[in-house]
Number of protein chains: 4
Amino acid sequence: MRAGASEEQINHICDRIRAYGYTPHIIKGAERTVIAAVGHGDKKEHIEQLKSADGVEDAFPILQPFKLVSREVQKKSSVKAGNVTLGDGGFVVMAGPCSVETRDQLMQTAEAVAKAGAQILRGGAFKPRTSPYDFQGLVEEGLKLLAEARDRTGLKVITEVINTEDVDLVREYADILQVGARNMQNFALLKKLGSAGKPVMLKRGLSATIKEFLLSAEYIAAHGNPDIILCERGIRTFETATRNTLDLAAVPLLNELTHLPVVVDPSHGTGKRSLIKPLAKATVAVGADGLMTEVHPCPEEAWSDGPQSLRPEEFALMMKEIEPYIQLRKNELLAL
Amino acid sequence: MRAGASEEQINHICDRIRAYGYTPHIIKGAERTVIAAVGHGDKKEHIEQLKSADGVEDAFPILQPFKLVSREVQKKSSVKAGNVTLGDGGFVVMAGPCSVETRDQLMQTAEAVAKAGAQILRGGAFKPRTSPYDFQGLVEEGLKLLAEARDRTGLKVITEVINTEDVDLVREYADILQVGARNMQNFALLKKLGSAGKPVMLKRGLSATIKEFLLSAEYIAAHGNPDIILCERGIRTFETATRNTLDLAAVPLLNELTHLPVVVDPSHGTGKRSLIKPLAKATVAVGADGLMTEVHPCPEEAWSDGPQSLRPEEFALMMKEIEPYIQLRKNELLAL
Amino acid sequence: MRAGASEEQINHICDRIRAYGYTPHIIKGAERTVIAAVGHGDKKEHIEQLKSADGVEDAFPILQPFKLVSREVQKKSSVKAGNVTLGDGGFVVMAGPCSVETRDQLMQTAEAVAKAGAQILRGGAFKPRTSPYDFQGLVEEGLKLLAEARDRTGLKVITEVINTEDVDLVREYADILQVGARNMQNFALLKKLGSAGKPVMLKRGLSATIKEFLLSAEYIAAHGNPDIILCERGIRTFETATRNTLDLAAVPLLNELTHLPVVVDPSHGTGKRSLIKPLAKATVAVGADGLMTEVHPCPEEAWSDGPQSLRPEEFALMMKEIEPYIQLRKNELLAL
Amino acid sequence: MRAGASEEQINHICDRIRAYGYTPHIIKGAERTVIAAVGHGDKKEHIEQLKSADGVEDAFPILQPFKLVSREVQKKSSVKAGNVTLGDGGFVVMAGPCSVETRDQLMQTAEAVAKAGAQILRGGAFKPRTSPYDFQGLVEEGLKLLAEARDRTGLKVITEVINTEDVDLVREYADILQVGARNMQNFALLKKLGSAGKPVMLKRGLSATIKEFLLSAEYIAAHGNPDIILCERGIRTFETATRNTLDLAAVPLLNELTHLPVVVDPSHGTGKRSLIKPLAKATVAVGADGLMTEVHPCPEEAWSDGPQSLRPEEFALMMKEIEPYIQLRKNELLAL
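This text gives an overview of the structure that appears in the document.

Cut-off values and rules
Residues numbered from 1 in each chain as written. Chains lettered and ligands numbered in written order. Predicted model: local features only at pLDDT ≥ 70, side-chain atom pairs only at ≥ 80, totals over all residues. Heavy atoms only, no water. Helix = DSSP H or I, 4+ residues; strand = E, 2+ residues; numbered from the N terminus. Contact = heavy atoms within 4.5 Å. Areas by Shrake-Rupley, 256 points an atom, 1.4 Å probe, with all protein chains shown as cover. Pairing = 2+ DSSP bridges. Axes fitted to C-alpha atoms, helices over the stretch in contact; angles between N-to-C directions. Least-squares fit on C-alpha atoms with pLDDT ≥ 70 in both. Buried < 20%, exposed > 50% of the residue type's maximum accessible area, 1.4 Å probe, protein only. Buried area = accessible area lost by both parts, 1.4 Å probe. Salt bridge = Lys/Arg side-chain N within 4 Å of Asp/Glu carboxyl O. Polar contact = N/O pair within 3.5 Å; in protein donor to acceptor, adjacent residues only side chain to side chain. Nonpolar A, V, L, I, M, F, W, Y, C, P; charged D, E, K, R; others polar. Phe/Tyr/Trp six-rings, centres within 6.5 Å; stacked < 30°, edge-to-face > 60°. Expected span 1.5 Å × (residues − 1).

1. Quick word on the overall build of chain A
If you tally the helices and strands in chain A, you get 11 helices and 12 strands. Sequence separation of 24 or more characterises 67% of the internal contacts of chain A that already satisfy a separation of 6 or more. Counting every atom, chain A has about 11,600 Å² of accessible surface; 48% of that belongs to carbon and sulfur.

In structure tokens form, the structure reads like this:
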């Protein structure tokens, strides 16, 4: 309550708290009165209502609002895409072009990343682009090429879905459905993915807090789909030297808060090819379950995201260099 | 080009620029070489590709990427919702509850805001909520109540649409379709709204730059709908004392860049009831075309956004107090 | 306490709370235990210590940490610089060049802004510049020119001090000492200004929260100087279309939290000459006590901040156009 | 130039460019005219002046504004504090309490961190605190205790200086002088440290861009002191789950831009004890030259920063666990 809140205001709040089914608990401080509401319930609405009452300075919940994805429920969950498992202590690499452009471009990339040790092929067929005049993706044609690349290489396929109406189509072709950063709070899409029957990788929104990120995952879980992978891909800050600010502290923090597997995307996280390799190593060291990175056979001919795409030989070098870090991490886990 | 870029690299870039259909123009500086590409064309892709080439330090466009909504096309456009016009030099107030909750709540609010001078009724039937456990809106039932309130009061109706699949339903009931901040880059929705046949109010995303905001408007325009209203509703910053940071400088800046009408939402912009009235006055003074604010007959019983909703009598007082500012602004425009 | 905190941990915390001189108050919730500490005292340190203890999830204070500058102490204070008063319900305009460059430049500006109705002359003699290769100010020579301009025009003088060692020198010449945004948390400087014997205008730091802003003012007050003016000058956000994001909501919010006068600087707040006039109007409308703006006789020859400086005739026009807003605001205050 | 800039305006700009000593170079585009200024010189001022001229849309430099600290000057520099070297390919750990509190606390910590393998002891004697009512440090008494701890343990000492007037005192006791985040743009202090005759560790400001960070280092270098260590310690963003957002991508980016050694402070970077160890591993993996972390014998009795301080046994465990990462990194460097 505010300083100087009246007895009447305090009583009014206690009455409301009782009406919501909680037990009020008054603590008279030297300068302020605090009222605790004890009990179970759907608190968010009540909190907003209490904040609106006269004499109230602030109201806030003590419990975290996410439940199904919380680490209080389970220590660590793993997500399977065919024979590839995320969250079982291994380290999974997803790689491929930003956009599927042509058969040649995709097959060349898929073969290169498979050879270098990637397990999952990424590639956008539906592209959410800032400008309406930018390339919007090959759509179903792109999905077919992805499936063809899977058949050729044995890689599993992850690809983005940007609209509820496309979910049925995309799930036919993809092993993992990706929700992009700009759709992290497209709640209609999240609900629909609850019944997609395929794992979902949810990318953190550009300005999403960790709490909002987990609540978006909770949407998918609450609508029936427990197979969720979280992806940290950088947040928007004042810094313009990198495309985004990659929040690697989010990885161990998420590991404390949720049982879901966590992967990191240093391509979008930095926007700079030269920064990907050092951040890939840091991604392993910080405890992530995997990595997503963009690879293009010829970045300077890429239709999107060229500056942040590795060339196949650069990708192979990165894979070679992160390998000892992956071993180190496995040894650590074995020693626990 | 980077310092020390080779002749070969410079020639390579010139070749690419010619291949894109532009004319390269080399400027040898004391320490760096700069290459200008002169000509018309779809630049964004080319710029990304050039950035990816060896020896290139940076590449950027000189022209703004939005065209149809640009002020270079037209000085000022106006948008009509029935007999209400935004962007004609007047000041339009949109008011109503965050969510449509019950018939009583809505009718009471609609009558109060109409009496106080609002011209447009706001109210959410589809609610994008951060948590899956929060109230998600009355859906079609809510739309019907909005239509009923319009019939009773003569107010026009603005309401949010959050998914492509709902556009046809919502346009049947609404006079203006609202795109919420979290959907500002839901490009599938923006495209669909291009053929909605009703005006669209686009809210600025939580971390959207002015340029991205205008490009999202450009999506709607490029897909056939020129009737677009922009709404500044606060951006996400480090400051937590207010819910968002209301960027009032965006209003005159948008007035320089685009011909579209601009309104301001100080309810979401601040999250605090006590700040709405002073910011409503500032909204008029800074040159906006209108204002959107939340009003609820009993904020402490609101199912959402109570702390930032005005009571009907507070709204009436605000309307009375902003009136002289509106007059002042009209006099200024007449004097031009 | 965390879920599952042991009895032992809870007792340990209660013991510590008693040791600090507070009374512990245990609230057993359905899933969590909350412990309230009731009493007076220097809480910050204790809170950090409690946060560090095992079994504790979070600890936070209920009271605001600023005291002397709080509105709970006094409703509104006013600050006098000679015959000019800030915070008495009037509206004071401070104007002048970013840097004092030459006698001609300063006298010309001072005369122009005095004629147009400004009451205080701004001008930097000590310049905090991002690069060591930028102009650093005329130092004492600049202060002398400011004093000469005061003698000629009757304007009061505000100028920045950037180091404790310069305070004695600057206070000899200035009527108000300015602390720049980059020094808002230069605590040695704030302490020294506690005994400056002249009013201080404290600019909000680029990434300072309202709470930190008030705590910096509290430093000056706690060290003996109650004559403090706060200046909102824009915060740093992701948006790059303006130099900073001017947080006008900070004005009414500060008016709720503190009794100190508040002025706004739309020159630094936007970095764009064309945006100053509309934001100056909004500054009046939102309830500020004054305005600071940069004016230069020839912005394209300015040694710093030319793009955000008004020409004298533009300043005169702004003064003319904000006048009716000032009248409107005065009428409002009279009607209270 | 803006679209539609007149011939006269273009000629005027060319004249100014010539007057500054550059050669103008006109590029007529399809819709815009661009003018390049070629030559050597102090560009910043000129750019601001050009931005201010009529008809100009924007003006920007092609070259980086920092010179002495740039990697174009030197590939990698190393900084020596006695027998400890930063930047030579090794990994240096700095550890100790946030504040020097008592002899016991400091000696106990110093012995523990020395035993665990740290080479440098940190500890604040002058504390820049947000509130005037928080503990402000033991001042000279604290410096003496640090020197005593150095004598006992052989550790080198790093401690913060917050005011020009204290530099002479602090340099007598410290091996490295630290500039805190809040003073990164205290230019008077930076200039003074140019002649301190001891290495300086400069922490990145809470909202400082990489460019501003390097320009602050350039101040120290330009005033005579080349022995500078950069410290990434987290930036301020919208995220509140961690105290700051640790920007690990800054490390490889700085390694591309500057020859100065770079260390990382995950204590301030996250504000959470449990996140320090994983981020310490990531710090090694990403390519930093060292690490700074807070250690306190009893965090729940710390006078400041307890929640982000490791206990001595936790620090020892961290040291043991990062050791294989340090070896891995050394092997990588050897293989180059």
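Moving on from the coordinates now.
2. Topic: the sheet that holds strand β6 (residues 120-122) of chain C
Residues and elements named next belong to chain C. Strand order in the closed barrel formed by eight strands is β5-β6-β7-β8-β9-β10-β11-β12, with parallel pairing between adjacent strands. The sheet shows a mean angle of 25° between the axes of neighbouring strands, direction not considered. Here strand β5 (residues 92-96) runs beside strand β12 (residues 290-294); their pairing, made up of five bridges, is parallel. For Val-92, the partnering residue across the bridge sits in β12 and is Gly-290. Most of the contacts of helix α8 (residues 250-257) go to strand β11 (residues 262-264), to which it runs at about 170°, and overall it touches β10 (228-232) and β11.

3. Some points on the relation of the copies chain B and chain A
Once chain B has been moved 0.0 Å along the axis and rotated by 180°, it coincides with chain A to within an RMSD of 0.0 Å. Expressed as an axis order, the relation between the two copies is that of a two-fold axis. In terms of C-alpha distance to the rotation axis, chain B has Ser207(B) as its closest residue, with the C-alpha 3.0 Å off the axis. Here 100% of the contact residues of chain B are again contact residues in chain A; the copies associate through an equivalent surface.

4. Here we look at helix α8 (residues 250-257) of chain B
Buried within α8(B) are the following residues: Ala250(B), Val251(B), Pro252(B), Leu253(B) and Leu254(B). At its buried positions, α8(B) is contacted by α7 (210-222), β10 (228-232), β11 (262-264) and α10 (273-286) of chain B together with α10 (273-285) of chain C.

5. Notes on the side chain of Thr33(A)
Mapping Thr33(A) onto the fold places it in strand β2 (residues 33-38). Beyond its immediate sequence surroundings of up to four residues, Thr33(A) is in contact with Met1(A), Ile10(A), Ile26(A), Ile27(A) and Lys28(A).

6. Quick word on the relation of the copies chain A and chain C
Each copy of the sequence occupies a distinct position, and chain A is placed on chain C by a rotation of 180° and an axial shift of 0.0 Å, giving an RMSD of 0.0 Å. Taken as a fraction of all interface residues of chain A, those also at the interface in chain C reach 100%, which identifies the copy contact as same-surface.

7. With respect to the sheet that holds strand β8 (residues 176-179) of chain B
All names here are of chain B. The strand order β5-β6-β7-β8-β9-β10-β11-β12 describes a closed barrel built from eight strands, whose pairing is parallel. Strand-to-strand twist of the sheet, defined as the mean angle between neighbouring strand axes without regard to direction, takes the value 25°. Summarising the sheet, β10 and β11 pair through three bridges and their orientation is parallel. Its bridge partner being in β11, Leu-230 is matched across the sheet by Val-262.

8. Considering the interface of chain B and chain A
Opposite the 56 residues of chain B that make contact, chain A presents 56 residues. For the pair chain B and chain A, the summed buried area comes to about 4,800 Å², and 44% of that belongs to carbon and sulfur atoms. At the junction of chain B and chain A, the tally comes to six salt bridges. The residue Arg16(B) makes a salt bridge to Glu300(A) at a minimum N-O spacing of 3.6 Å. In this assembly, chain B and chain A are joined by 29 residue pairs in polar contact (both at pLDDT 80 or more).

9. Re the interface of chain A and chain C
Contact with chain A, which involves 23 residues of that partner, is made by 23 residues of chain C. Across the chain A/chain C interface, buried area totals approximately 1,900 Å², and carbon plus sulfur atoms make up 69% of it. Our count for the chain A to chain C interface comes out at zero salt bridges. Where chain A touches chain C, the interface holds zero residue pairs in polar contact (both at pLDDT 80 or more). Looking at the side of chain A that touches chain C, the elements that each hand over two or more residues are β1 (23-28) and β2 of chain A. Take the side of chain A that touches chain C: its biggest share by element is four residues, from β1(A). Residue composition of the side of chain A that touches chain C, by class: 11 nonpolar, six polar and six charged.

10. A short note on the environment of Gln185(B)
With respect to the helices and strands, Gln185(B) occurs in the loop between β8 and α6 (187-193). The exposure class assigned to Gln185(B) is buried, which follows from its relative accessible area of 10%. Along the primary structure Gln185(B) and Ala147(B) are separated by 38 residues, whereas in three dimensions their C-alpha atoms are 28 Å apart. Setting aside residues up to four positions removed in sequence, Gln185(B) forms contacts with Thr130(A), Arg182(A), Glu212(B) and Ser216(B).

11. What about the pattern of salt bridges?
As enumerated under the stated definition, the model contains 84 salt bridges over all chains in all. What emerges from the salt-bridge pattern is a single network uniting Lys277(A), Lys281(A), Glu321(A), Arg329(D) and Glu332(D).

12. So, the packing of aromatic side chains
Applying the stated criterion to the full structure yields 11 aromatic pairs over all chains. Judged by centre distance (4.8 Å) and plane angle (90°), the ring pair of Phe135(B) and Trp303(B) falls under edge-to-face. In this pair, Phe135(B) sits in the loop between β6 (120-122) and α4 (140-153) while Trp303(B) sits in the loop between β12 (290-294) and α11 (312-335), placing the two residues 168 residues apart along the sequence. Assessed through its relative accessible area of 16%, Phe135(B) is described here as buried. Relative accessible area serves as the criterion here: at 27%, Trp303(B) is assigned to the partly exposed category. Between Phe187(D) and Tyr219(D), the ring centres sit 4.7 Å apart and the planes meet at 25°, which makes this aromatic pair stacked. In this pair, Phe187(D) sits in helix α6 (residues 187-193) while Tyr219(D) sits in helix α7 (residues 210-222), placing the two residues 32 residues apart along the sequence. Here the two residues Phe187(D) and Tyr219(D) agree in accessibility, since each one is buried.

13. Notes on helix α3 (residues 103-116) of chain A
Residues and elements named next belong to chain A. Over its 14 residues, α3 extends 20 Å from the first C-alpha to the last, a length consistent with the 20 Å expected when each residue adds 1.5 Å. On its buried face, α3 sits against β5 (92-96), β6 (120-122), α4 (140-153) and α11 (312-335). Positive phi shows up at Gly-117, right after α3, with a value of about 115°.

14. Structural notes on the pairing of β12(C)
Residue and element names in this part refer to chain C. For β12, a buried count of five out of five residues is recorded, marking the element as mostly surrounded by other parts of the structure. Here β12 shows a buried face lined by Gly-290, Met-292 and Glu-294 and a second buried face lined by Leu-291 and Thr-293. Note: β11 against β12, two bridges, orientation parallel. Bridging across to β12, Val-264 finds its partner in Leu-291.

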